[in-house]
Amino acid sequence: MKKIAFLLGSKNVGGIEKVVSNLGRDLSSCGYDIHNIMLISNYSKEIEFDGKIIPILPQGDSLLSKFLIFFKRLYRVRKVRKEYNFDIVVSFGDTANCINILTKHNEKIITSLHAISKVGNSYIGGVGKIYALLTCFLYPYTDCMIVVSKELKKIIIKQYDIPDEKVRVIYNGINCDEIMRKGRFVVVPNIKKDDINLINVGRLVNEKGQWHLIRIMPELVKKYPNIHLFIIGDGYLRDELNKLIKTLHMEDYIMMLGYQDNPYKYMSHCNIYVQASISEAFSLAIVEAMTLGIPVISADTLVGPREIIADNIKYEKNIQGYSCEKYGILTSRYSQDVYINDSPLIKEEVDMINAIEEMIKNKELYDRYSKSGHERSKLFSAEKMKETYDEILRG
C-alpha cells in the first residue's frame with residue numbers, strides 16, 4: 001500500500017479543497033494510505049478530508065510573521081516527511097508546491113497548479129510575489145506537474161521551461177450523481193420559480209470579480225423587474241460587496257448567501273449561471289452548474305472557462321462583445337481593474353448584460369445549452385480524475 005501525502009496551503013474552502021476531498025476519498029477506496037498535511041493549522045473545517053490530518057502552523061498576520069512562519073513550516077514539514085516516510089507527496093497551489101520541492105526527502109514529488117500565478121499579478125500581495133518568484137526557480141525541479149487545462153499546460157511549459165513530458169493535464173473532477181442528488185430540493189426560501197434567477201458561486205475575492213455582476217443589476221432590473229441575483233461564497237470582499245449592493249439600492253434584488261455546505265439546492269432553482277472572473281485556470285462551479293442543466297454565461301479568461309464552454313477554441317482568439325459557443329456563452333475579458341463603486345458601466349459589463357438578455361429572450365438557445373452543458377459536464381467526472389491520478393501514482 002503506497003503512502004500518499006496531500007500538501008495544502010489554503011485556509012478557506014474553494015475548488016482545490018473540494019478536489020482534494022473527492023480525490024482523497026476515491027484514492028482511499030483504491031488502497032492508498034492518504035495523509036493530509038495542512039500548512040495552515042487553523043484551516044476551515046467546513047469540508048471533510050479522507051485520511052489522517054497533519055496540521056503544521058497557524059497563519060501569520062504581519063509580513064514579518066509570515067516570513068518567519070515560512071521557515072518554521074519548512075522545518076516542520078521536513079520533519080513530518082522523515083517521520084512518515086511517504087512514497088509520494090502531492091501539493092496543490094504555489095505555496096504548497098514551493099514547500100513540497102524545498103522539503104523533498106526520498107519520495108517522489110508531484111506539484112499541481114489550479115491557477116495562473118505571475119509576479120506582475122496585481123492581486124497578490126508581497127508574500128504572494130515572493131512565492132511567484134520562487135516558483136520560477138523551483139518548478140523545474142518537480143518530478144511531475146499536474147495542471148487543470150490544456151492551455152494552462154502551454155503557459156506553464158513556456159513560463160517555467162518545464163519539459164512537456166513532465167506536465168500532465170487532469171481536469172478537476174466532480175461527482176455528478178452526488179450533485180444531482182443534493183440539487184433535488186423542492187422548496188428553497190427567497191427563490192421564486194417564475195422569476196429570472198441568476199446565480200454565481202465562488203470565493204468573494206478580487207479574482208472572481210463579483211462586483212461586475214452586482215454593478216449590472218440596476219440595468220437588468222429596469223428591463224426585467226422580476227430578475228434576481230444570488231451569490232454563494234465568502235471572502236475578504238464580502239463587506240465591500242454588501243456596501244455596493246446598498247449603494248445601488250439593490251437589496252431587494254441581490255442576495256448574498258455566504259458559504260453553503262450544499263450550494264446545489266440553490267443552483268438547481270436558478271435559471272442562468274453567471275461568472276465574471278478576471279482569472280481562472282479551470283472553473284469547478286461552471287461544470288457543477290452544467291451538471292444541473294443550468295445554462296452558463298462566463299467572462300472569458302483565456303484558459304479555464306473557454307476550454308469548458310467552447311469546443312477547440314483557439315487560444316489567440318479574443319472574444320468581442322459576446323460569443324455563443326457550443327456549450328454556453330463567453331463574454332469579453334475583464335481587466336484587473338477593480339470597480340467596487342457606482343461609476344458608469346464599462347464595456348465588458350455591457351457585454352455581459354447583452355449576453356444575459358440573449359439567454360433570456362432566446363428559448364431555443366437556452367434549452368440547447370441546458371442539454372448540451374449537462375452532457376459536456378460528464379467529461380469532467382471524479383472517476384476520470386481518479387483514474388488518471390492512479391495511473392501517475394502507480395508509475
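Look above for the structure.
Only a predicted model underlies this, so the values are computations on that prediction, with no experimental measurement involved. (Residues numbered from 1 in each chain as written. Predicted model: local features only at pLDDT ≥ 70, side-chain atom pairs only at ≥ 80, totals over all residues. Heavy atoms only, no water.)

**Section: the overall build of the protein chain**
And then number 1: Scanning the protein chain for helices and strands turns up 14 helices and 14 strands.
And then number 2: Its C-alpha radius of gyration of 21 Å places the protein chain within 12% of the 21 Å reference for a compact globule of 395 residues.
And then number 3: Over its C-alpha atoms, taken along the principal directions, the protein chain stretches across nearly 65 × 45 × 40 Å.
And then number 4: Burial analysis of the protein chain (395 residues in total) assigns 55% to the buried set. (Helix = DSSP H or I, 4+ residues; strand = E, 2+ residues; numbered from the N terminus. Rg over C-alpha atoms; globule rule 2.2 N^0.38 Å. Buried < 20%, exposed > 50% of the residue type's maximum accessible area, 1.4 Å probe, protein only.)

**Remarks on the pairing of strand β2 (residues 33-40)**
And then number 1: With respect to burial, β2 is a largely interior element, seven of its eight residues being buried.
And then number 2: Looking at chain direction, strand β1 (residues 3-8) and β2 are connected through six bridges and run parallel. Pairing of L8 across the sheet is with M38, part of β2.
And then number 3: Looking at chain direction, β2 and strand β3 (residues 52-57) are connected through five bridges and run parallel. Bridging from a neighbouring strand, H35 pairs with K52 of β3. (Pairing = 2+ DSSP bridges.)

**A closer look at the packing of helix α2 (residues 63-84) against helix α3 (residues 94-102)**
And then number 1: Across the interface, α2 lies against α3 with an axial gap of 10 Å and an inter-helix angle of 55°. By the angle class used here, α2 and α3 are oblique. Note on packing geometry: the crossing formed by α2 with α3 is right-handed. Listed contacts from α3 to F70, R73, L74, V77, R78 and R81 of α2 are I99, N100 and L102.
And then number 2: Its residues assigned to classes, the contact of α2 with α3 shows five nonpolar, one polar and three charged. (Axes fitted to C-alpha atoms, helices over the stretch in contact; angles between N-to-C directions. Parallel < 35°, antiparallel > 145°, perpendicular 65-115°, else oblique. Left-handed = near helix turned anticlockwise from the far one by under 90°. Contact = heavy atoms within 4.5 Å. Nonpolar A, V, L, I, M, F, W, Y, C, P; charged D, E, K, R; others polar.)

**Side note on unusual backbone geometry**
And then number 1: Within the chain, N85 stands out as a residue other than glycine whose phi angle is a positive 50°.
And then number 2: The residue N85 is located in the loop between α2 and β4 (88-92) in this model.
And then number 3: Backbone geometry places H249, a non-glycine residue, at a positive phi of 60°.
And then number 4: When its relative accessible area of 63% is taken as the criterion, H249 is described as exposed.

**Some points on the sheet that holds strand β5 (residues 108-113)**
And then number 1: The strand order β3-β2-β1-β4-β5-β6-β7 describes an open sheet built from seven strands, whose pairing is parallel. Each of the sheet's edge strands pairs with one partner strand only, and the pair in question is β3 and β7 (167-169). Averaged over all neighbouring strand pairs, the angle between strand axes comes to 20°, with direction disregarded.
And then number 2: Judged from the three bridges that link them, strand β6 (residues 144-147) and β7 form a sheet pairing that is parallel. What sits directly across from M145, in β7, is V167.
And then number 3: Strand contacts of α2: β1, β2, β3, β4 and β5, with the helix running at about 150° to β3, the strand carrying the most contacts.
And then number 4: Contacts from helix α14 (residues 382-394) reach β1, β4, β5, β6 and β7 within the one sheet, and its direction differs from that of β4 by about 135°.

**Considering the side chain of D351**
And then number 1: The residue D351 is located in helix α12 (residues 347-361) in this model.
And then number 2: Owing to a relative accessible area of 7%, D351 belongs among the buried residues under this scheme.
And then number 3: Among the polar contacts made by the side chain of D351, one reaches the side chain of S332 at a distance of 2.6 Å.
And then number 4: In terms of polar contacts, D351 uses its side chain to reach the side chain of K347, at 2.9 Å. (Polar contact = N/O pair within 3.5 Å; in protein donor to acceptor, adjacent residues only side chain to side chain.)

**Thoughts on the pairing of strand β8 (residues 196-201)**
It is a general feature of regular strands that their side chains alternate between the two faces of the sheet.
And then number 1: When you tally the buried positions in β8, you get six out of six residues, the bulk of the element.
And then number 2: Burial along β8 is two-sided: the residues I196, L198 and N200 and N197, I199 and V201 are all buried.
And then number 3: The parallel pair β8 and strand β9 (residues 227-232) is bridged by helix α7 (residues 210-223), and the resulting crossover is right-handed.
And then number 4: Here β8 runs beside strand β11 (residues 272-275); their pairing, made up of two bridges, is parallel. (Right-handed = clockwise from strand over helix to strand, strands pointing away.)

**Thoughts on the side chain of T301**
And then number 1: By the element assignment, T301 lies in the loop between β12 (296-299) and α11 (305-309).
And then number 2: Of the residues examined, T301 reaches a relative accessible area of 6% and is grouped as buried.
And then number 3: For T301, the side chain forms a polar contact with the main-chain oxygen of V303, separated by 2.6 Å.
And then number 4: Look past the residues within four positions of T301 in its chain and what remains in contact with it is S277, I278, S279, E280 and R333.

**Concerning the sheet that holds β8**
Backbone hydrogen bonds hold the strands of a sheet together, and the pairing may be parallel or antiparallel.
And then number 1: Strand order in the open sheet made by the seven strands is β10-β9-β8-β11-β12-β14-β13, with mixed pairing throughout. Every interior strand has two partners, whereas the edge strands, β10 (254-258) and β13 (322-324), have only one. Each strand axis lies, on average, 20° off the axis of its neighbour in the sheet, ignoring direction.
And then number 2: Both β9 and β10 contribute to a ladder of four bridges, which runs parallel. Residue pairing in the sheet places F230 in a bridge with M255 of β10.
And then number 3: Contacting β8, β11 and β12, helix α10 (residues 284-291) crosses the sheet at an angle of about 170° to β11.

In short, the description is geometric, and any link to function would need to be established separately.
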